[in-house]
Amino acid sequence: MAAPSALPPDAVLDEFRAAGALLEGHFILSSGLRSSVYLQCARVMMDPARAARLCGALAEKVRASGIGPVDLCVSPAMGGVVVGYELARQLGVPSIFAERVEGKFQFRRGFAIPAGARILMVEDVVTTGLSSRECLDAIRAAGGDPVGGACLVNRSGGAADIGVPLVALTGIGAPAWAPDALPPELAAIPAVKPGSRGLV
């Protein structure tokens, strides 16, 4: 039987639609790939009640996943920061985040990982899994033991392999293309980049 706070996949996407966060157009993703669909999680998480509903349901999926107890949630900045904080609050553990310094994730602001701590890496959206894998590498380098990952949306259609079990609140199979392999209808639309990668 599903937990009382569980949300069916359609209800999760309805939350994105209600927040004006399920966008259609021509988007440059953080990975550099292009897509006709963009999930603007920052707009979803700006509503504390909506954030609590979504992360509460994700916390239930994490607890039921078999990953086991975790000591700390760690997110890659910027997209995962608010999701990681709220999920950590729901799980009753602390939350920290890694930031890119000269392109590589590092822990700053006095953040440290206790040696051997069981870490849940938390993202907003997983597409190729690259930033997740890079964050997991930073966690290992800092002495942590990453036991799993969690995200609101896995948009890889299940194809992304981050090297640890990944728990997603929902998934979509939104296609993504290399910039030189766009379908004509997408190439005809000007591209925009709504994410934070590359901002100073």
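Criteria and thresholds
- Residues numbered from 1 in each chain as written.
- Predicted model: local features only at pLDDT ≥ 70, side-chain atom pairs only at ≥ 80, totals over all residues.
- Heavy atoms only, no water.
- Helix = DSSP H or I, 4+ residues; strand = E, 2+ residues; numbered from the N terminus.
- Core = buried A, V, L, I, M, F, W, Y, C linked by side-chain atoms within 4.5 Å.
- Buried < 20%, exposed > 50% of the residue type's maximum accessible area, 1.4 Å probe, protein only.
- Contact = heavy atoms within 4.5 Å.
- Pairing = 2+ DSSP bridges.
- Axes fitted to C-alpha atoms, helices over the stretch in contact; angles between N-to-C directions.

(A) Expanded view of unusual backbone geometry. Cis geometry marks the peptide bond from A77 to M78, where omega comes out at 5°. Within the secondary structure layout, M78 lies in the loop between β3 (72-76) and α4 (81-91). A positive phi angle is found at E102, which is not glycine, with a value near 55°. With respect to the element layout, E102 can be found in the loop between β4 (95-101) and β5 (104-106). Here R109, not a glycine, exhibits a phi torsion of approximately 60°, which is positive. Considering the arrangement of structural elements, one finds R109 in the loop between β5 and β6 (118-126).

(B) Fine view of the nonpolar core. Counting residues in hydrophobic clusters, the biggest one holds 36 residues, and the most contacted among them are F16, L87, L91, L120 and L152. Secondary structure elements with two or more residues in this core: α1 (9-18), β2 (34-39), α2 (41-45), α3 (48-64), α4, β6, β7 (145-154) and β8 (166-171). Sorting elements by how many residues they give to this core places α3 first, with seven residues. Sequence-distant contacts of L87, defined by excluding residues within four places in its chain, comprise C55, L58, A59, L120, V122 and A150. Grouped together as the second largest cluster of nonpolar side chains are 16 residues, V74, F105, A117 and I162 included.

(C) Representation of the sheet that holds β5. With mixed pairing, the six strands of this open sheet are ordered in space as β5-β4-β3-β6-β7-β8. The open sheet has two edge strands, β5 and β8, and neither has a second partner. Averaged over all adjacent pairs, the angle separating strand axes in this sheet is 25°, with direction ignored. Bridge analysis of β4 against β5 gives three bridges, and the strand direction is antiparallel. Paired with V101 across the strands is K104, a residue of β5. Most of the contacts of α1 go to β8, to which it runs at about 70°, and overall it touches β7 and β8. Docked against the sheet, α4 engages β3, β4, β6 and β7, running at close to 135° with respect to β6.

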